[in-house]
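Close look at the chain arrangement
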Amino acid sequence: MKKIATFLFAALVAGSISTTANAAEYKFDTKGAHAFVQFRIKHLGYSWLYGRFDKFDGNFVYDEAKPEASSVQVTVDTTSLNSNHAERDKHLRGKDFLNVADFPTATFKSTSFEPNGDGKALLKGDLTLHGVTKPITIDVTEIGGGQDPWGGYRQGFTGTTEFKLKDFGIDYDLGPASQTVEMILDVEGIRQ
């Protein structure tokens, strides 16, 4: 009986080691500009205003065989907001919107990853923006993964989410058509 128990324990340990070995940590390829944090919001209901954050960093853990164990962490430098218009960027960084003097970073930390089995998933987690932390859900699509020409391994995803500015304490009145911001996240990670 003791031999059977020892064998089962060894098998469990070996199984957990092989499962863990398949999970890999990836660092966002921000140095090569293969990752983007972008946003868009309607301008008066007549057009879209697009922007991005030029400085951010993050990593994720991903196991193709067990994607539900995936996790993501992102830190965004809100002072790096760029909408391609200097005066507008100054306003967006100011007290009416992001108030980057008091809140120079935004963060996202995942709480769950729910794959649908078709390359799509729901990534849930906590977004901290403008000093307020709220749960959000990101619709994720796997773009692909594989070897790169430099001997590394990469994995890429795109994701979208939307939330009301007011939910994060940003209540500057832009009109009824401009209450919700959409985030577009494109991430290529390099396996570490």
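I will try to describe carefully the structure that is included in this document. (Residues numbered from 1 in each chain as written. Predicted model: local features only at pLDDT ≥ 70, side-chain atom pairs only at ≥ 80, totals over all residues. Heavy atoms only, no water.)

Thoughts on the pattern of salt bridges
Tallied over the full model, the rule gives 7 salt bridges. Between Lys124 and Glu114 there is a salt bridge, with its nearest N and O atoms 3.5 Å apart. Residue Lys124 is found in strand E8 (residues 120-129), and its partner Glu114 is found in strand E7 (residues 105-115); the two are separated by 10 residues along the sequence. By relative accessible area, which is 31% here, Lys124 ends up partly exposed. For Glu114, a relative accessible area of 32% puts it in the partly exposed group. Among the charged side chains, a salt-bridge network with shared partners connects Asp29, Asp148, Arg154 and Glu188. (Salt bridge = Lys/Arg side-chain N within 4 Å of Asp/Glu carboxyl O. Helix = DSSP H or I, 4+ residues; strand = E, 2+ residues; numbered from the N terminus. Buried < 20%, exposed > 50% of the residue type's maximum accessible area, 1.4 Å probe, protein only.)

So, the nonpolar core
Among the nonpolar cores identified, the biggest contains 40 residues, and Phe28, Phe53 and Phe60 are the most heavily contacted of them. Ignoring any residue separated from it by four or fewer positions in sequence, one finds Phe28 in contact with Ala35, Phe56, Asp57, Gly58, Asn59, Phe60, Val72, Gln73, Val74, Val187, Glu188 and Gly189. (Core = buried A, V, L, I, M, F, W, Y, C linked by side-chain atoms within 4.5 Å. Contact = heavy atoms within 4.5 Å.)

What about the environment of Asp167?
One can find Asp167 in the loop between strand E10 (153-164) and strand E11 (180-191). Ignoring sequence-local partners within four residues, the contact set of Asp167 consists of Val132 and Lys134.

Comments concerning the environment of Phe60
Note on placement: Phe60 falls in strand E4 (residues 56-62). Each C-alpha atom, one on Phe60 and one on Phe28, is 7.9 Å from the other, the two residues being 32 residues apart in sequence.

Some remarks on the layout of surface pockets
Here the largest pocket defines a volume of roughly 880 Å³. Its residues placed into classes, the lining of the largest pocket shows 35 nonpolar, 9 polar and 2 charged. (1 Å grid on protein atoms, 1.4 Å probe; cavity = no way out; pocket = protein on both sides within 12 Å on 5 of 7 lines; lining within 4 Å. Points joined across faces, edges and corners; volume = space filled by probe spheres on them. Nonpolar A, V, L, I, M, F, W, Y, C, P; charged D, E, K, R; others polar.)

Notes on the environment of Gly119
Here Gly119 is to be found in the loop between E7 and E8. The spacing of Gly119 and Ile143 is 24 residues in sequence and 8.0 Å in space, taken between C-alpha atoms. Residues in contact with Gly119, not counting those within four places in the same chain, are Val140, Thr141 and Glu142.

Overview of the pairing of E7
For a regular strand, the rule is simple: side chains alternate between the two faces of the sheet. Direction of pairing for strand E5 (residues 71-77) relative to E7: antiparallel, over a ladder of 5 bridges. By the bridge assignment, Asp77 is partnered in E7 with Thr105. As judged from the 8 bridges shared by E7 and E8, these two strands associate in the antiparallel manner. Among the inter-strand pairings, Ser110 is bridged to a residue of E8, identified as Gly125. Where E7 hands over to E8, the hairpin turn is made up of 4 residues, of which Gly117 adopts a positive phi near 85°. (Pairing = 2+ DSSP bridges.)

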